[in-house]
Amino acid sequence: MKKFYLFLGLLVAILIGLMANEPDKYQTFTKLNTDKLFFDDDLSVKSTIRSPFTKEDFFNKISLVFFGYTRCPDFCPDTLTKLNKIYKSLEDKKYINIDKLQIIFVSVDTKNDDIVTVKKYVQYFNNHFIGLSMDPVDLTNLSQSIGLYYEKISSNQNIDLYEHTGAIFLVDQTGKLFGISTPPFNLSVLEKDISKLLN
């Protein structure tokens, strides 16, 4: 019997040790050390708020950039819903300068998502969200620069379906790629990270 309790005690100790060393399921932003601008000097794209949208539009802002497409069945609307909740929560905090925050959606579906379609889509979630529509060459060049993956995997009843990076890219006030947050996203963790940057 003593051996049994000794074994049980060792088992519990091992389990506690494993739990203590288990990495957090929800990651904060991973900081990136780069001097490269998120948008190149000559990049100019269509925007839902003003056109053209260039590198200067990132200056003096904290920008969260998410790539997806308007016909995305699940992950894109889920992520934008979470970003809307974070935005509204920060908006209610008087010590937060919400005007410094930009939440930007960039479509990877250059065939179907014109700027009118993108505008209707982002404004469904939040009127303050910004939508960008890029031509295929510019999107390819940007994706290679920042490490974005996207690919059309099938077409179903004239609806193109894409696989794409689900991360949120963080652009700092100088227009440089500062960090990246990968799913699964935790609202409280994201909100704390963003609020620190805005302060």
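Description of the structure in this document. These figures come from a predicted structure and were not determined experimentally.

Cut-offs and rules
- Residues numbered from 1 in each chain as written.
- Predicted model: local features only at pLDDT ≥ 70, side-chain atom pairs only at ≥ 80, totals over all residues.
- Heavy atoms only, no water.
- Pairing = 2+ DSSP bridges.
- Helix = DSSP H or I, 4+ residues; strand = E, 2+ residues; numbered from the N terminus.
- Core = buried A, V, L, I, M, F, W, Y, C linked by side-chain atoms within 4.5 Å.
- Buried < 20%, exposed > 50% of the residue type's maximum accessible area, 1.4 Å probe, protein only.
- Contact = heavy atoms within 4.5 Å.
- Axes fitted to C-alpha atoms, helices over the stretch in contact; angles between N-to-C directions.
- Parallel < 35°, antiparallel > 145°, perpendicular 65-115°, else oblique.
- Left-handed = near helix turned anticlockwise from the far one by under 90°.
- Nonpolar A, V, L, I, M, F, W, Y, C, P; charged D, E, K, R; others polar.
- Expected span 1.5 Å × (residues − 1).

**What to know about the sheet that holds strand β3 (residues 62–68)**
- As summarised here, the arrangement of the 7 strands in space is β1-β9-β8-β3-β4-β5-β2, forming an open sheet in which the pairing is mixed. At either margin of the open sheet sits one strand with a lone partner, and together these are β1 (30–31) and β2 (46–47).
- For β2 and strand β5 (residues 130–133), the ladder comprises 2 bridges, and the chain directions are antiparallel. Bridging from a neighbouring strand, K46 pairs with S133 of β5.

**Some points on the nonpolar core**
- Ranked by size, the top nonpolar core spans 52 residues in total, and within it F38, F39, L64, V65, F67, L101 and F169 carry the most contacts.
- Per-element tally for this core: the top contributor is helix α2 (residues 75–91), with 6 residues.
- Leaving out residues up to four positions away in the same chain, F38 has contacts with F58, V65, F67, L142, I146, F169, V171, G175, K176 and L177.

**What to know about the packing of α2 against helix α5 (residues 187–198)**
- Running from N to C, α2 and α5 point in directions that differ by 50°, and their axes come no closer than 10 Å. Regarding the angle of α2 to α5, the classification is oblique. Two packed elements cross with a definite hand, and for α2 against α5 that hand is right-handed. Two secondary-structure elements touch here, α2 through K82, K85, I86, S89 and L90 and α5 through L187, L190, E191, I194, S195 and L198.
- Partitioning the contact of α2 with α5 into residue classes produces 6 nonpolar, 2 polar and 3 charged.

**As for α5**
- The end-to-end C-alpha separation of α5 is 16 Å, in line with the 16 Å expected for 12 residues at 1.5 Å each.
- Taken as a whole, α5 has its buried residues at L190, E191, D193, I194, S195 and L198.
- Each element contacted by the buried residues of α5 is listed here: β3, α2, β4 (101–107), β8 (168–171) and β9 (177–181).

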